[in-house]
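# Coordinates in review
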Amino acid sequence: QMNEKMVKALNEQINNELYASYLYLSMSAWFETQNWPGFAKWMKIQSQEEYGHAMKIYDYLIERGQEVTLAAIAAPKTAWKKPIDAFKDAQAHEKKVTGNFQDLTDLAIKLKDHATQIYLQWFVSEQVEEEKNVDEVIQALTKIGDSTGALFMLDHRIGKREG
Ligand code: FEO
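What comes next is a walk through the structure. The shown structure was predicted, so the numbers you read here are calculated from the model rather than taken from an experiment.

Calculation criteria
Residues numbered from 1 in each chain as written. Predicted model: local features only at pLDDT ≥ 70, side-chain atom pairs only at ≥ 80, totals over all residues. Heavy atoms only, no water. Helix = DSSP H or I, 4+ residues; strand = E, 2+ residues; numbered from the N terminus. Expected span 1.5 Å × (residues − 1). Polar contact = N/O pair within 3.5 Å; in protein donor to acceptor, adjacent residues only side chain to side chain. Buried < 20%, exposed > 50% of the residue type's maximum accessible area, 1.4 Å probe, protein only. Core = buried A, V, L, I, M, F, W, Y, C linked by side-chain atoms within 4.5 Å. Contact = heavy atoms within 4.5 Å. Salt bridge = Lys/Arg side-chain N within 4 Å of Asp/Glu carboxyl O.

In this model helix H1 (residues 4-33) runs 44 Å from its N-terminal to its C-terminal C-alpha over 30 residues, within 8% of the 44 Å that 1.5 Å per residue would give. Structurally, the start of H1 carries an N-cap: the backbone nitrogen of Lys5 is 2.7 Å from a side-chain oxygen of Asn3. After H1 finishes, the residue Asn35 shows a positive phi value of roughly 60°.

Structure representation (structure tokens):
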């Protein structure tokens, strides 16, 4: 039987991941309205990944015979000033999620829940990757500044993301 604090924290993380999925989908929709199909595609794929993260935790709770309790998902922002502002919000959210997984791991250690601790390792590594991916885009957008031509090229390059 899992400790109820761990179950509650994992359920909260399902919500955080679903919120991330919702936030990136909102960004994708905004990029579409701004005619940046590459950024829109990147965010749509990212949104699907986040849904996948939520489901990974969902499946883990089910596998351990625990209750999944889905809560309301907060409404994300729907507009940004510039592409870089959306990516900066994405970066801030990823940093928060990295902190969430650190806290979850600390809790698993405290509760001597070794199975959950090992299970969480995948997410801890994934967060390194997630932060790196967003950071790369922000670096490129920072270099570009207000050059529309360069922004077009970056949008095209980023739209090549497949998964
Ligand atoms: Fe599910 Fe981007 O962290």
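Now that the structure has been shown, we can carry on.
Another aspect to go through is unusual backbone geometry. One non-glycine residue, Asn35, lies in the positive phi region at around 60°. Following the sequence through the fold, Asn35 ends up in the loop between H1 and helix H2 (37-63). Even without glycine at this site, Lys112 takes up a positive phi of about 55°. Tracing the chain through its elements places Lys112 in the loop between helix H3 (83-110) and helix H4 (114-144). Residue Lys112 is classed as exposed on the basis of its relative accessible area, which comes to 65%.

A word on the environment of Ile118. Structurally, Ile118 can be placed in helix H4. Here Ile118 falls in the exposed class, since its relative accessible area comes to 57%. Between the C-alpha atom of Ile118 and that of Thr148, which follows or precedes it by 30 residues, the distance is 46 Å.

A few words now on the nonpolar core. Counting 25 residues, the largest nonpolar core has Met27, Phe31, Phe39, Met43, Phe87 and Leu141 as the members making the most contacts within it. Of all elements in the fold, only H1, H2, H3, H4 and helix H5 (148-158) reach the threshold of two or more residues within this core. With near-sequence residues (within four places) excluded, Phe31 lies in contact with Trp36, Phe39, Ala40, Met43, Pro83, Ala86 and Phe87. By size, the runner-up hydrophobic cluster in this structure holds 18 residues, among which are Ala9, Leu18, Ala54 and Val97.

Once that is clear, we can look at the environment of Thr116. Inspection of the secondary structure assignment puts Thr116 in helix H4. Classification of Thr116 as buried rests on a relative accessible area of 0%. Note: C-alpha distance between Thr116 and Ala92 (24 residues apart in sequence) is 26 Å. Contacts of Thr116, omitting those with residues within four sequence positions, involve Met2, Met6, Leu10, Tyr60, Arg64 and Ala108.

This part takes up the pattern of salt bridges. One pass over the full model with this rule turns up eight salt bridges. A salt bridge links Glu131 to Lys95, with the nearest nitrogen and oxygen atoms 3.7 Å apart. Here Glu131 is found in helix H4, whereas its partner Lys95 is found in helix H3, with 36 residues between them in sequence. The residue Glu129 makes a salt bridge to Lys132 at a minimum N-O spacing of 3.8 Å. Here Glu129 pairs with Lys132, and both are found in helix H4, just three residues apart, close to one helical turn. For Glu129, a relative accessible area of 38% translates into the label partly exposed. The class for Lys132 is partly exposed, based on a relative accessible area of 43%.

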